[in-house]
Amino acid sequence: MTVFNNDIGLSERFHWISRLLEGWSIYKKSFLGKIGLTLLAVFALMALCSSIPPLIDPMYQPMAGVDPEIFKATGPSTRHWLGTDFMGRDILSQLLTGARIAFMVGVSAAFMSVFLGTVIGMIAGYTGKFMDTFLMRLADMIMVMPALLVLLMLAALFGQLSIWFIVFFIALFRWPGVSRVIRAQTLSLKHRPFIEAARVAGASNLRIIFRHIMPNVLPLSFLYMTFQVTSAIIIEAALAFLGFGDPGTVSWGMMLQWVWKTGHMFKAPYWLLPPGICISLITLSFYMLGRAMDEVLDPRLRKEGETD
Amino acid sequence: MNHGEETILELDRIVKKYRTKAFLFGARGQEVIALNEISIKVTRGEIFGLVGESGSGKTTAGRLIVRLEQPGEGKIYLDGHDITSLKGKASKAYSRRVQMIFQDPYQSLNPQLSIFETISEPLIIHKIGNTKAKEDVVWQAMKSVGLSPPHDFAHRYPHQLSGGQRQRVAIARAMVLNPEFVVADEPTSMLDASMSAQIFNILLEMRKKLNVSFLFITHSLAAARYLCDRIAVIYRGNVVEVGPGDEIIENPKHPYTQALIDALPQFGHSGDVNRYETLLRSERAPSGYGGCPFFLRCKLGSIEKCSREKPPLIRLGDSHSVACFYAESGIKTSSGDNA
Amino acid sequence: MALLVAENLSVGYQTQNGYLHAVEGVSFSLDAGKSLGFVGESGCGKTTLGMAVMRLMPSNGLIREGRILFDGEDLLKKTDEEMRQIRWQEISMIFQAAMNALNPVHRVIDQITEAIHTHTPSHNKDEAYEQVRVLFKFVGLPEDRMRDYPHQYSGGMKQRAIIAMALACKPKLIIADEPTTALDVIVQDQILEETKSLQREFGVSIIYISHDISVVADICHDIGVMYAGQLVEYGAREEVFDNPVHPYTKALLSSYPTLTGEKSKLMPIPGEAPNLINPPFGCRFSDRCTEARVSCRSNPPVWLEITPTHKVLCHQYGKHCGE
């Protein structure tokens, strides 16, 4: 039956595509979703273009590129569309780089925290008893800790923190929230007949968790990723603003730090406003994305059972 | 029907109790006795019906057999071997021999797996055959339950199928390991008459071709009559009557069985059926003693005997056993031997 | 004089994929004090029919055609306010899985008195209370359980409470949609007996919707068999049950296992019901019918009379005319 082997390739591919298309058509109907996606597309474009300005002229380097003719903060001009910072560096290229950093930090931290949270939540929910209690108490302890304060303490201990260290720690602080939700979902799935059927068929606990529970829990995980992105971006920005970010990276938070540190907060709105607005908008757009996805993943879409 | 006299599955004085969660102001939860020392023997190749209403414990009995739960007391034997407390590898090996078809076709299939993935899952778990061999087995299973042509259905997902089709997938999944014994837990109670009829005929086919034994759990005496060689009637965790299917229905001896037959809608059955009238209009107040489980609703029950002693299962000849003091006296056998 | 007459009723739903013809061209009539049963498999339109009579269609539902005459007046021409008056006082309904409709945080008696009070505000509290006492007695519920909460009731008791609520305002017609499906067979039998005696006492008409033809035959004077949104056979229960003419009715009857009589092989009906978004033009049962001819697929069937009270929607009747 070699025909079948080809079939499986095609139909499986088709199925993913048709499900994606189905999800997309529902997503399209959401007003918030469309705005969110548009904004994100703009930011993504910014991130992609961040490498262009330095190629045009080295003076556009976000960290090191200093305009030879400008030594202080100046407003928008033809050479510098958003103006320059106190050192004569181009603000626009800093902004573009900041977008790239935001995506990197946001998505990586979100992915890591959701990955951890999903695995831990599933194991806690399905295994129950001691493992469940242990993991959930651990989650409680972490949730109670003030993330920002701990990170500040670490920064004070170790000096400046590198950006990846920050990402890792954000993930470490954010997984408990995800795991609670995934655990609840797992608990409700645990007693469903199809899970019992897998047990009767002889499946091990591990197999049940990863083959049967995980696919049913992943949509929720994806949803949570969007919320996690927003908090990751904000934490990084806050850290950078307070002076505990990675001094080698130009993030929006870092830009705000420079504005403040150099006393330009009320003197250079062209420098202060862009990063602040960007932080707000990107978090807003991820939130809108999450709201729209919520509609897509709503179980009322699944055609269960018969009517009449 | 080619079953020998060999017993494939035996439940020996099984007891199962549950403790309900403690209420806010109660000391502990209440204890509910789901199964009260029931004993059943199923012979190889037989379709054995377990008939009872909700709360009778019939589903619990099925779950104990497939080891989703453990009995409190008593033993379960498969082909003569005690399987009551299997663990690890032995437990997994057991699942190759004993399978289950669940009641709700809308919940017993994983919505994220395709039909092919669902049916091939047991084969993957038990590492049976290479990819090609697995394909062949799944294809064959799908054809035998009437999901033909298989490639039409293989890549669909449960929500794209009707209830009857889903239940057929569940049957294919149960049969793919070629088990010796299958528990069918009310497989048609959520389906229409026509789909139910299809499922019944599929089960009969399976038995004929593969000599599989079934425990058919149902609340419908009519379905049991159609499908089953022997029937056991269960009431509140007690087997009250066992015997050949036709015999139980034409000649019921226990007042509860008689009440069940009375209760079926009469029209169209053109007065062939006797009215036994064994049910009290309203329940008696519980006396607090042990006694017959059916005493509280039974017209025949006598305060002296029935409310104090639990009637044992007595054989009335012709492999028909009844647990009632008022049934015609027969040969008393040891605790529920009914083969 | 017939209490309820439906003429050529067509009802449907506006869905994402198009207009779903849930009920098509259904006509029936029900006299006062009698009961009429609608039988069919899921998706045949029987529940939609019940909802349409009460005019309780969801927002995407549409009563496209026909008249529903209740006591001589067309219900489809009534305003919302007028329908509100009619509901529960003249026509009440027992929904599918109605026992879940009891509010868990209110006592049972309060829920019934509220129903009474909403529709007959003139009754004061004591009168309503007394009415409930009488109702409880009729439906076989112990009086000392009136003040309990729904979770303290068993399934059968909840269903009886629902029946009491439906009777509270002494309606002329009750529409019951699968009222005993979730109940054990002994409880079901008791409730059916009580329903029959209630009908005799109160003289209320009943429309009974079910997929179980034996239950319907037990309790209803007339039976309507529905398939794919259409009424395919209609007549007195003796006629339909003992002398079915439509191939679907015959197939339906032979797909049920029986407790008596010969143990013949159950014949499931092959194939699936047609999609009601694009229903076939000809006979909707033709592709599953063992007696179908080519003309069945191309021409819609018409109503043919077998006796003055028994009619069938089929081309083939002419062949069976011999009886």
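Residues numbered from 1 in each chain as written. Chains lettered and ligands numbered in written order. Predicted model: local features only at pLDDT ≥ 70, side-chain atom pairs only at ≥ 80, totals over all residues.

Overview of the overall build of chain B
Looking only at helices and strands, chain B features 10 helices and 13 strands. The proportion of buried residues among the 339 residues of chain B is 50%. Long-range contacts, defined here as pairs at least 24 residues apart, represent 62% of the contacts in chain B between residues at least 6 apart. (Helix = DSSP H or I, 4+ residues; strand = E, 2+ residues; numbered from the N terminus. Buried ≥ 20, exposed ≤ 12 C-beta atoms within 10 Å, placed from the backbone. Contact = placed C-beta atoms within 7 Å.)

Overview of the pairing of strand β9 (residues 230-235) of chain B
Residue and element names in this part refer to chain B. For β9, the tally of buried residues reaches 6 of 6 residues, placing the bulk of the element in the interior. Side chains R230, A232 and I234 of β9 all project onto a buried face; the interleaved residues I231, V233 and Y235 project onto the opposite face, where all are buried too. In this structure, strand β3 (residues 47-51) lies alongside β9, joined through 4 bridges in parallel fashion. Each bridged residue has a counterpart across the sheet, and for L50 the counterpart in β9 is A232. Where β9 and strand β10 (residues 238-244) come together, 6 bridges link them in antiparallel fashion. Counted as the bridge partner of Y235 is N238 from β10. (Pairing = 2+ DSSP bridges.)

Structural notes on the sheet that holds strand β2 (residues 18-31) of chain C
Residue and element names in this part refer to chain C. Here 4 strands make up an open sheet; going across it, the order is β2-β1-β4-β5 and the pairing antiparallel. If you trace the sheet from one side to the other, it starts and ends with β2 and β5 (73-74), each paired once. Alignment of strand β1 (residues 2-15) against β2, held across 9 bridges, turns out to be antiparallel. Note on β2: the bridge partner recorded for T15 is G18. Against the sheet, helix α1 (residues 46-54) engages β1, β2 and β4 (61-70), with an angle of about 70 degrees to β2. (Axes fitted to C-alpha atoms, helices over the stretch in contact; angles between N-to-C directions.)

Here's the deal with the nonpolar core
Of all hydrophobic cores here, the largest spans 258 residues; its most connected members are A172, L215 and F216 of chain B together with A164 and I207 of chain C. In terms of residues, this core owes the most to one element, helix α4 (residues 91-127) of chain A, which gives 16 residues. Apart from residues lying up to four places away in sequence, I207 of chain C is in contact with L30, L36, F38, G50, L173, I175 and A176 of chain C. (Core = buried A, V, L, I, M, F, W, Y, C linked by C-beta atoms within 7 Å.)

Examining helix α10 (residues 255-263) of chain B
Of all 9 residues that make up α10 of chain B, 8 are buried, and the element is covered over most of its length. Those residues of α10 of chain B that sit buried are P255, Y256, T257, Q258, A259, L260, I261 and A263 of chain B. In this structure, the buried residues of α10 of chain B make contact with α8 (221-227), β9, β10 and α9 (245-250) of chain B together with α6 (185-202) of chain C.

Description of the interface of chain B and chain C
If you look at the interface, chain B gives 30 residues, while chain C gives 26 residues. For the side of chain B that touches chain C, the elements supplying multiple residues, two or more each, are α7 (193-210), α8 and α10 of chain B. Per-element accounting of the side of chain B that touches chain C gives the leading share, 6 residues, to α7 of chain B. Its residues assigned to classes, the side of chain B that touches chain C comprises 17 nonpolar, 9 polar and 4 charged. (Nonpolar A, V, L, I, M, F, W, Y, C, P; charged D, E, K, R; others polar.)

Some words on the pairing of strand β12 (residues 310-313) of chain C
Residue and element names in this part refer to chain C. Burial along β12 is two-sided: the residues H310 and V312 and K311 and L313 are all buried. Summarising the sheet, strand β10 (residues 230-236) and β12 pair through 2 bridges and their orientation is antiparallel. Looking at β12, one finds that Y234 is bridged to K311. Note: strand β11 (residues 303-307) against β12, 4 bridges, orientation antiparallel. Pairing of T307 across the sheet is with H310, part of β12. Between β11 and β12, which pair antiparallel one after the other, the connecting turn spans 2 residues.

Let's talk about unusual backbone geometry
Residue and element names in this part refer to chain B. Omega for the peptide link from S148 to P149 comes to -10 degrees, which places this bond in the cis form. Although it is not a glycine, D79 adopts a positive phi angle of roughly 55 degrees. Of note, D79 is situated in the loop between β4 (73-78) and β5 (81-82).

Comments concerning the environment of C44 of chain C
Counting through the fold element by element, C44 of chain C comes out in the loop between β3 (35-39) and α1. Distance from C44 of chain C to M226 of chain C, taken between C-alpha atoms, is 6.0 Å for residues 182 residues apart in sequence.

Regarding the confidence of the model for chain C
Put simply, chain C has an average pLDDT of 86, and 98% of its residues get 70 or more. Scored as a complex, the prediction yields pTM 0.84 and ipTM 0.86. (pLDDT = per-residue confidence, 0-100.)

Focus on the sheet that holds strand β8 (residues 205-210) of chain C
All names here are of chain C. Read from one edge to the other, the open sheet built from 8 strands follows the order β6-β7-β8-β3-β9-β10-β12-β11, with strand pairing classed as mixed. Of all strands in the sheet, those bounded by a partner on one side alone are β6 (91-94) and β11. Neighbour-to-neighbour, the strand axes of this sheet turn through a mean angle of 20 degrees, independent of strand direction. Along the sheet face, α1 touches β3, β6, β7 (173-177), β8 and β9 (222-227) and points at about 150 degrees away from the line of β7.

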